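Here is how the chains run, residue by residue.
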Amino acid sequence: MTDAERRLWSAIRGKQLADVKFRRQAPIGPYIVDFVSFQCKLVIELDGGQHSERVQYDRQRTEWLSLQGFEVLRYWNHQVFEDLDAIVEQIWRKVNDRSPLPNPPHQGEGTGI
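Criteria and thresholds
Residues numbered from 1 in each chain as written. Predicted model: local features only at pLDDT ≥ 70, side-chain atom pairs only at ≥ 80, totals over all residues. Heavy atoms only, no water. Helix = DSSP H or I, 4+ residues; strand = E, 2+ residues; numbered from the N terminus. Core = buried A, V, L, I, M, F, W, Y, C linked by side-chain atoms within 4.5 Å. Buried < 20%, exposed > 50% of the residue type's maximum accessible area, 1.4 Å probe, protein only. Contact = heavy atoms within 4.5 Å. Phe/Tyr/Trp six-rings, centres within 6.5 Å; stacked < 30°, edge-to-face > 60°. Salt bridge = Lys/Arg side-chain N within 4 Å of Asp/Glu carboxyl O.

Some thoughts on the environment of G29
And then number 1: Tracing the chain through its elements places G29 in the loop between β1 (23-28) and β2 (31-37).
And then number 2: Sequence separation of G29 and Q68 is 39 residues, and the distance between their C-alpha atoms is 9.3 Å.

Looking at the nonpolar core
And then number 1: Among the nonpolar cores identified, the biggest contains 21 residues, and L8, I12, F22, I44 and I91 are the most heavily contacted of them.
And then number 2: Looking at this core, the elements that each hand over two or more residues are α1 (3-12), β3 (42-47), β4 (71-76) and α4 (84-98).
And then number 3: The residues contacting L8, other than those within four sequence positions of it, are F35, I44, L46, V80, L84, I87, V88 and I91.
And then number 4: Of all hydrophobic cores here, the second largest spans 8 residues; its members include A26, I28, V33 and F70.

A look at the packing of aromatic side chains
And then number 1: Scanning the model with the defined rule gives 4 aromatic pairs in all.
And then number 2: Seen in terms of ring centroids, Y31 and W64 are 5.5 Å apart; in terms of plane orientation they differ by 65 degrees. Their pairing is edge-to-face. Placement of Y31 in strand β2 and of W64 in helix α2 (residues 55-67) is noted, with a sequence separation of 33 residues between them.
And then number 3: The buried category is assigned to Y31, whose relative accessible area is 14%.
And then number 4: Classification of W64 by relative accessible area gives partly exposed; the value is 26%.

Remarks on the pattern of salt bridges
And then number 1: Taken as a whole and judged by the stated rule, the model has 8 salt bridges.
And then number 2: Residue R74 is joined to D58 by a salt bridge in which the shortest nitrogen-to-oxygen separation is 3.8 Å. On the criterion of sequence distance, the pair formed by R74 in strand β4 and D58 in helix α2 is long-range, its members being 16 residues apart.
And then number 3: R74 gets classed as partly exposed once you look at its relative accessible area, which sits at 27%.
And then number 4: On the accessibility criterion, D58 (3% relative accessible area) is buried.
And then number 5: Within this structure, D47, R54, D58 and R74 form a network of salt bridges that share partners.

So, in structure tokens, the structure goes:
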């Protein structure tokens, strides 16, 4: 892992965000993604300076992952060092948007009615 990946991993590992598990360096089809929550179908990718040389490859990869139902969030390595809190907040919001919610109780069930 890069320094940026280690820093982000320390903020999202161990179900720290809404009790959602993330995996690092996880294979999905022909790709290995930086971080993924299979529960939320959310992929997080960190890009360094080499990204400018791989724009087309990353675009195809993101399209393929999207077709599989994953949402892909991309951040630059320097963003992780400059504004980790904002990144974690954005990830937290996506996790909450994409987390399967428990079924609400039916009328009369668990409501004391």
